[in-house]
Amino acid sequence: MRHILLLSVLFILTSCDSTTNHADTCGDQIVDVGEECDGADINGHSCTEFGYYEGIPSCNSDCSLNLTPCAAGGLCGDGVVHSAFAEECDGQNLDQQTCSDIDPSFYAGQGSLACGADCKFDTSGCLFCGDGQVTGEETCDGTDTGGQTCSDIDPLYHPQEGSLACVDCQIDLSACIFCGDNITNGPEVCDGTHLTTQPTCGEMGFAGGTPTCSAGCDAVDYSSCHTWVDIASFDKHSCALNSVGEVWCWGEGGSGRLGNGSSVDSPVPVRVQNLPGPATVITVGKEHSCAIVGGDVFCWGRNTSGQLGDGTTTNAPTPIQVDDSISIYNGITAGDSFTCAKVEGGTMKCWGDNTYGQLGSCSVQPYLASPELVPLSCGSPVPLRFNTRLSAGNDHICVDNTGNTYCWGRNLYGQLGNDSTLNADLHETSLYNDNGTLRVLNGSQIASGGYHACAANTDRSDAVVCWGRNTAGQLGSGSSTQQHVGFQTDPVLQGVSEVFAGLEHTCVFLDTGDIYCWGGNHNGELGQVPGDMYVTNPQVATTLSGAVKLALGAYTTCMLTSEGQIYCVGDNSVGQLGDGTTTDSSTPTLVTLP
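Conventions adopted
Residues numbered from 1 in each chain as written. Predicted model: local features only at pLDDT ≥ 70, side-chain atom pairs only at ≥ 80, totals over all residues. Heavy atoms only, no water. Helix = DSSP H or I, 4+ residues; strand = E, 2+ residues; numbered from the N terminus. Areas by Shrake-Rupley, 256 points an atom, 1.4 Å probe, with all protein chains shown as cover. Lys, Arg positive; Asp, Glu negative; His and termini not counted. Charge placed at Lys NZ, Arg CZ, Asp CG, Glu CD. 1 Å grid on protein atoms, 1.4 Å probe; cavity = no way out; pocket = protein on both sides within 12 Å on 5 of 7 lines; lining within 4 Å. Points joined across faces, edges and corners; volume = space filled by probe spheres on them. Nonpolar A, V, L, I, M, F, W, Y, C, P; charged D, E, K, R; others polar. Buried < 20%, exposed > 50% of the residue type's maximum accessible area, 1.4 Å probe, protein only. Pairing = 2+ DSSP bridges. Phe/Tyr/Trp six-rings, centres within 6.5 Å; stacked < 30°, edge-to-face > 60°. Axes fitted to C-alpha atoms, helices over the stretch in contact; angles between N-to-C directions. Contact = heavy atoms within 4.5 Å. Disulfide = S-S within 2.5 Å. Salt bridge = Lys/Arg side-chain N within 4 Å of Asp/Glu carboxyl O.

Novice: Teacher, can you tell me more about the overall build of the protein here?
Specialist: Scanning the protein from N- to C-terminus turns up 3 helices and 42 strands. Along the first, second and third principal axes, the C-alpha set of the protein runs to 200 × 50 × 40 Å. About 26000 Å² of surface is accessible on the protein, with carbon and sulfur atoms providing 51% of the total. In the protein, which carries 16 positive and 69 negative side-chain charges, the distance between the mean positions of the two groups comes to 34 Å.

And the structure:
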């Protein structure tokens, strides 16, 4: 028993020694604890788990893995571009690529291409239009315009107006605002032909044309507008001539007297149609109007008495030529229903109503529908010659003949100034009262009103002498007494340069520049507040200052200014003030085109 126990102990001890001799032996082809591999046993490792693309590692003699065989399989970071394994680059190796090779939108030769840690191209250093950086030939990029404004690019652009834009990395000025782009923006009043809401030439009282914009786009220039150069009025309509020879009329339109093809009243000027060329002289009768074009006379309106001179008695709403192909005319005047015109050389022809002998032809016909020469005496082939002005009233006419004043026609109110009330069908010599002695009136400036006339008497240093009807004080004598010969105004007005007469009122220009008016003031036609219906003494018409010519109608006064505009005052019942309304005005209102 004792021997058996001893043998058992020896067996146990022998077994323990055998286990200790075989633990953790490198080289035994067994991967023990702490070994990466052992001999041919690489413990299942591969190169890919260490970042290589392919290959199998070997085992070092110390049982550590040997990755040298993996190098042949390639690795991101080894400096070699392994395109087979989707590498684009590797470290500093860009495979000879540049930014523009990668994407044509990148600028060639600009910016820098890099390689990322994943062996993919890093284009963050490449430059292109849209990257927000102004580089190379770019003048802008995105919102980066270099801090410039429109006016920095070109002083023509308005500072702080408009905005720079960037298109294809080049400055775009299309949103900038500048003087000359025909668009009125920002601080501009106008731009080129674009005048926005600025008044037209007609609205400013000029006779048509187109205004221009100043070089700085800060003001409208009206110097290119047509101007009014002449005006004529009679009864309730007026016509005016502009600087390009157009004729425009306004007021009462019955019988076609406005010349625009209509018989409708117009409170604004309408253009006379169908004149064959530029007019040079105009006149207005009660219901007809006339103009001289190239030496020929054209008339329009009422023609029941042959006052249009075309050989008929048919009304014409547009101009028709007077039936006279041999005369060259350079002056003209019209009355109620007749017309007289000055022929080149100083003779005169008349046509129309002859009820009172107002044609001066010694004829007994009630009217003449074609022009007839005014003779020096009845039955004589010698024509009357006169020097300067001819002026028709309602049914009479006065002319200056070598300084002497001649009148003929109706004389019911003494409007011929010959100390009579008998009508005359041949010219009569007008007289004036010189301290109780009747003398021939020497007048160089003559104006016939409705039933009166006035002249500047050169024998009295151009003192104003008037005669005829005086119910409204239109003779300026201080009373309303009718005069059959000329009487000087009270007070005496001397230095008179021009005389104008209407139906019941009279005005004159003095050499001093003052304008005096007197007579009827029913609607403020004297430029004074209506109240004094009659003014029998000449009064300074301050509201008419600045006029270079006047035209007096029935109860209106129109003035042509040195600026080429027309203002009218008085009765406006049918639009005869030409301001677009039918409201009377004692203050001159501007005539405006529609």
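Moving on from the coordinates now.
Novice: Looking at this structure, I do not really get the layout of surface pockets. What am I missing?
Specialist: Rolled over the atoms, a probe as big as a water molecule pinpoints where empty space is left. Taken as a whole, the largest pocket spans an internal volume of roughly 720 Å³. Forming the boundary of the largest pocket are 41 residues, of which Ala232, Thr283, Thr333, Arg389 and Ser391 lie nearest the centre. Among the elements of the structure, strand 13 (228-234), strand 17 (281-284), strand 21 (329-334), strand 25 (390-392), strand 31 (443-448), strand 35 (496-501) and strand 39 (547-552) are those that each provide at least two residues to the lining of the largest pocket. Classifying every residue of the lining of the largest pocket gives 20 nonpolar, 14 polar and 7 charged.

Novice: Honestly, the pairing of strand 23 (residues 347-353) in this entry has me stumped. Any pointers?
Specialist: When a strand is regular, its side chains alternate between the sheet's two faces. In terms of burial, strand 23 is largely enclosed, as 7 of its 7 residues are buried. Strand direction decides the pairing type here: strand 22 (residues 338-343) and strand 23, joined by 6 bridges, are antiparallel. Across the sheet, the residue bridging to alanine 341 is lysine 349, located in strand 23. The turn linking strand 22 back onto strand 23 is made up of 3 residues, and glycine 345 within it adopts a positive phi angle of 110°. Pairing of strand 23 with strand 24 (residues 367-373) involves 4 bridges; the strand directions are antiparallel. From the neighbouring strand, lysine 349 faces strand 24, where its bridge partner is leucine 373.

Novice: Explain the packing of aromatic side chains here, please?
Specialist: In this description, an aromatic ring pair is defined by two values, namely the gap between the centres and the angle between the planes. Here the structure, examined in full by the defined rule, presents 6 aromatic pairs. Residues phenylalanine 206 and tyrosine 222 carry aromatic rings whose centres are separated by 6.4 Å and whose planes lie at 20° to one another, so their mutual orientation is stacked. In this pair, phenylalanine 206 is assigned in the loop between strand 10 (176-178) and strand 11 (212-213) and tyrosine 222 in the loop between strand 12 (220-221) and strand 13, connecting sequence segments 16 residues apart. Overall, the relative accessible area of 12% leaves phenylalanine 206 in the buried class. Tyrosine 222 gets classed as buried once you look at its relative accessible area, which sits at 16%.

Novice: Would you mind going over the sheet that holds strand 16 (residues 266-271) with me for this structure?
Specialist: Paired through their backbone hydrogen bonds, the strands of a sheet run either parallel or antiparallel. The 4 strands are arranged 13-14-15-16 in an open sheet whose pairing can be described as antiparallel. With one partner strand each, in any of the chains shown, strand 13 and strand 16 form the two edges of the open sheet. Across the sheet, the axes of successive neighbouring strands diverge by a mean angle of 20°, strand direction being ignored. Summarising the sheet, strand 14 (residues 237-242) and strand 15 (residues 247-251) pair through 5 bridges and their orientation is antiparallel. Note that in strand 15 the partner of serine 238 across the bridge is tryptophan 250.

Novice: Sorry, what's going on with the environment of glycine 245 here?
Specialist: Within the secondary structure layout, glycine 245 lies in the loop between strand 14 and strand 15. Counting along the chain gives 57 residues from glycine 245 to glutamate 188, while the straight-line C-alpha distance between them is 34 Å. If we skip the residues at most four places from it in the chain, glycine 245 touches Gly277, Pro278 and Ala279.

Novice: For this particular structure, what's the right way to read the side chain of threonine 145?
Specialist: With respect to the helices and strands, the residue threonine 145 is situated in the loop between strand 6 (126-128) and helix 3 (150-153). What threonine 145 contacts, discounting residues up to four positions off in sequence, is Cys140, Leu164 and Ile171.

Novice: Honestly, the state of the cysteines in this entry has me stumped. Any pointers?
Specialist: Cysteine pairs can be covalently joined through their sulfur atoms, and such a bond is termed a disulfide. Under the criterion given, the structure shown has 20 disulfides. The disulfide bridge from cysteine 179 ends at cysteine 217, spanning 2.0 Å between sulfur atoms. One quick way to see it: the torsion about the S-S bond of cysteine 179 and cysteine 217 is about 85°, and its sign makes the bridge right-handed. Note that cysteine 179 is positioned in the loop between strand 10 and strand 11 and cysteine 217 in the loop between strand 11 and strand 12, a separation of 38 residues in sequence. What makes cysteine 179 buried here is its relative accessible area of 17%. The class of cysteine 217 is buried, set by a relative accessible area of 2%. Here cysteine 190 is linked by a disulfide to cysteine 213, with a sulfur-sulfur distance of 2.0 Å. As the torsion about the S-S bond is roughly 85°, the cysteine 190-cysteine 213 disulfide counts as right-handed. Placement of cysteine 190 in the loop between strand 10 and strand 11 and of cysteine 213 in strand 11 is noted, with a sequence separation of 23 residues between them. Here cysteine 190 matches cysteine 213 in class, with each residue buried.

Novice: Would you mind showing me how to read the pattern of salt bridges here?
Specialist: One side chain can pair with another of opposite charge once the charged atoms of both are near each other. Per the stated rule, a full pass over the model turns up 10 salt bridges. Between aspartate 230 and lysine 549 there is a salt bridge, with the nearest N and O atoms lying 2.5 Å from each other. Remark: lysine 549 occurs in strand 39 and aspartate 230 occurs in strand 13; sequence separation between them is 319 residues. Note that glutamate 246 and arginine 271 form a salt bridge whose closest N and O atoms lie 3.4 Å from each other. Linking glutamate 246 in the loop between strand 14 and strand 15 with arginine 271 in strand 16, this pair joins segments that are 25 residues apart in sequence. A network of salt bridges, in which partner residues are shared, links Glu252, Arg257, Glu287 and Arg302.

Novice: Looking at this structure, I do not really get the environment of glycine 357. What am I missing?
Specialist: In this fold, glycine 357 is placed in the loop between strand 23 and strand 24. Accessibility expressed as a relative area gives 4% for glycine 357, which makes it buried. Separated by 49 residues in the primary sequence, glycine 357 and leucine 308 have C-alpha atoms spaced 17 Å apart. The contacts of glycine 357, once residues within four sequence positions are left out, are Trp408, Gly409, Ala424 and Asp425.

Novice: Where do I start with the pairing of strand 33 (residues 463-468) in this structure?
Specialist: Counting buried positions along strand 33 gives 6 out of 6 residues, so the element sits mostly inside the fold. Where burial is concerned, the two faces of strand 33 agree: the one with Ala463, Val465 and Trp467 and the one with Val464, Cys466 and Gly468 are both buried. Two strands pair when backbone bridges link them, and strand 32 (residues 452-457) and strand 33 are joined in this way by 6 bridges, in the antiparallel orientation. Following the sheet pairing, cysteine 454 is matched in strand 33 by cysteine 466. The turn joining strand 32 and strand 33, which pair antiparallel and follow one another in sequence, is formed by 5 residues; a positive phi near 50° is taken by serine 461.

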